[in-house]
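# Summary of structural features
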Amino acid sequence: IHQTNQKLKQICYISQYRHEFCDSTNPIFSEDSAVQLHAQYCKKSYALLVNWAERNNYTVVVAIANVNEKYFDSEIEFFKSTIDSDSVRFEENHRDKLSSYKHCIESEASVTLDSALGFELLGASEKVLFTGSVDCQFQEKWGVDQNFEEMPEEITLSDYTQVDFDKKLNSLLELSDGS
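Residues numbered from 1 in each chain as written. Predicted model: local features only at pLDDT ≥ 70, side-chain atom pairs only at ≥ 80, totals over all residues. Heavy atoms only, no water.

## Here's the deal with the pairing of strand 2 (residues 59-63)
Counting buried residues along strand 2, 4 of its 5 residues qualify, which places the element largely inside the surrounding structure. Pairing analysis gives 5 bridges linking strand 1 (residues 8-14) to strand 2, with the strands arranged parallel. Residue pairing for strand 2: Tyr13 is matched across the bridge by Val62. By the bridge criterion, 4 bridges tie strand 2 to strand 3 (residues 88-91) in an arrangement that is parallel. Paired with Ala63 across the strands is Glu91, a residue of strand 3. (Buried < 20%, exposed > 50% of the residue type's maximum accessible area, 1.4 Å probe, protein only. Helix = DSSP H or I, 4+ residues; strand = E, 2+ residues; numbered from the N terminus. Pairing = 2+ DSSP bridges.)

Structure follows, in structure tokens:
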């Protein structure tokens, strides 16, 4: 993937959907499980982003996590059941074409809970807002607590409020490219 200087007026939401999120019969799915919290925080951060995008005339490109077509529709429904918006475009994951990377690199910024792709983009000087930084108990249960220890507060969400989200994303977008 080669990086262009031309960014589209869009923010990429890096989906971390797993079909286990919607299977309440699965033994790993309990009210306070890491899986349940992960699903809850994915939906919260997605809703915050869509609300921001609608007010700021941006498109949200959701980089779908699943490569298995069997779960594609359930992943889209997972997000649409949270908030359905004409500002959102869902893009399939074609690993052989590195499509998730392409969508992120073409966007002005990316938003993710705690995906490896988000960390890779950060290392490539792309603008990334991490929303999995809010709940320390979730971080510990999910096993990502060390990922957030040294991260600058400018790229991590402090709480799941629209005010905090807007402030962080707007500040991130104001940075010059490669900052």
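We are not done yet, so read on.
## Describing the sheet that holds strand 3
Reading across the sheet, the 5 strands line up as 3-2-1-4-5 and stay open at both edges, with parallel pairing between neighbours. The open sheet terminates on both sides in strands that have one partner only, identified here as strand 3 and strand 5 (128-130). On average, each strand axis in the sheet is tilted by 25 degrees relative to the strand beside it, whichever way the strands run. This element, helix 4 (residues 116-123), spans strand 1, strand 4 (107-112) and strand 5 of the sheet and lies at about 140 degrees to strand 5. (Axes fitted to C-alpha atoms, helices over the stretch in contact; angles between N-to-C directions. Contact = heavy atoms within 4.5 Å.)

## Considerations on the nonpolar core
One finds Tyr13, Tyr46, Leu49, Trp52, Val62, Phe165 and Leu169 to be the most contacted residues of the largest nonpolar core, which totals 46 residues. Ranked by residue count, the leading element in this core is helix 1 (residues 34-56), at 11 residues. Not counting chain neighbours up to four residues away, the residues in contact with Phe165 comprise Ser45, Leu48, Leu49, Trp52, Val111, Leu129, Thr131 and Leu157. (Core = buried A, V, L, I, M, F, W, Y, C linked by side-chain atoms within 4.5 Å.)

## What about the packing of helix 3 (residues 99-106) against helix 4?
Here helix 3 crosses helix 4 at 50 degrees, and the two axes come no closer than 11 Å. What the angle tells us is that helix 3 and helix 4 run oblique. Classified by chirality, the crossing of helix 4 by helix 3 is right-handed. Here helix 3 contributes Ser100, Tyr101, Cys104 and Ile105 to the contact with helix 4, which in turn contributes Leu117, Glu120 and Leu121. Tallied by class, residues from the contact of helix 3 with helix 4 come to 5 nonpolar, 1 polar and 1 charged. (Parallel < 35°, antiparallel > 145°, perpendicular 65-115°, else oblique. Left-handed = near helix turned anticlockwise from the far one by under 90°. Nonpolar A, V, L, I, M, F, W, Y, C, P; charged D, E, K, R; others polar.)

## Observations concerning the environment of Leu113
The topology assignment puts Leu113 in the loop between strand 4 and helix 4. Sequence separation between Leu113 and Ser45 is 68 residues, and the spatial gap between their C-alpha atoms is 7.5 Å.

## Observations concerning helix 3
By the burial criterion, the buried members of helix 3 are Ser99, Ser100, His103, Cys104 and Ile105. Check the buried side of helix 3 and you find it contacts strand 1, strand 2, strand 3, strand 4 and helix 4.

## Regarding the pairing of strand 4
Burial runs high along strand 4: 5 of the 6 residues are buried. For strand 1 and strand 4, the ladder comprises 4 bridges, and the chain directions are parallel. From the neighbouring strand, Leu8 faces strand 4, where its bridge partner is Ser107. For strand 4 and strand 5, the ladder comprises 3 bridges, and the chain directions are parallel. For Ser110, the partnering residue across the bridge sits in strand 5 and is Val128. For the crossover from strand 4 across helix 4 to strand 5, the handedness is right-handed. (Right-handed = clockwise from strand over helix to strand, strands pointing away.)

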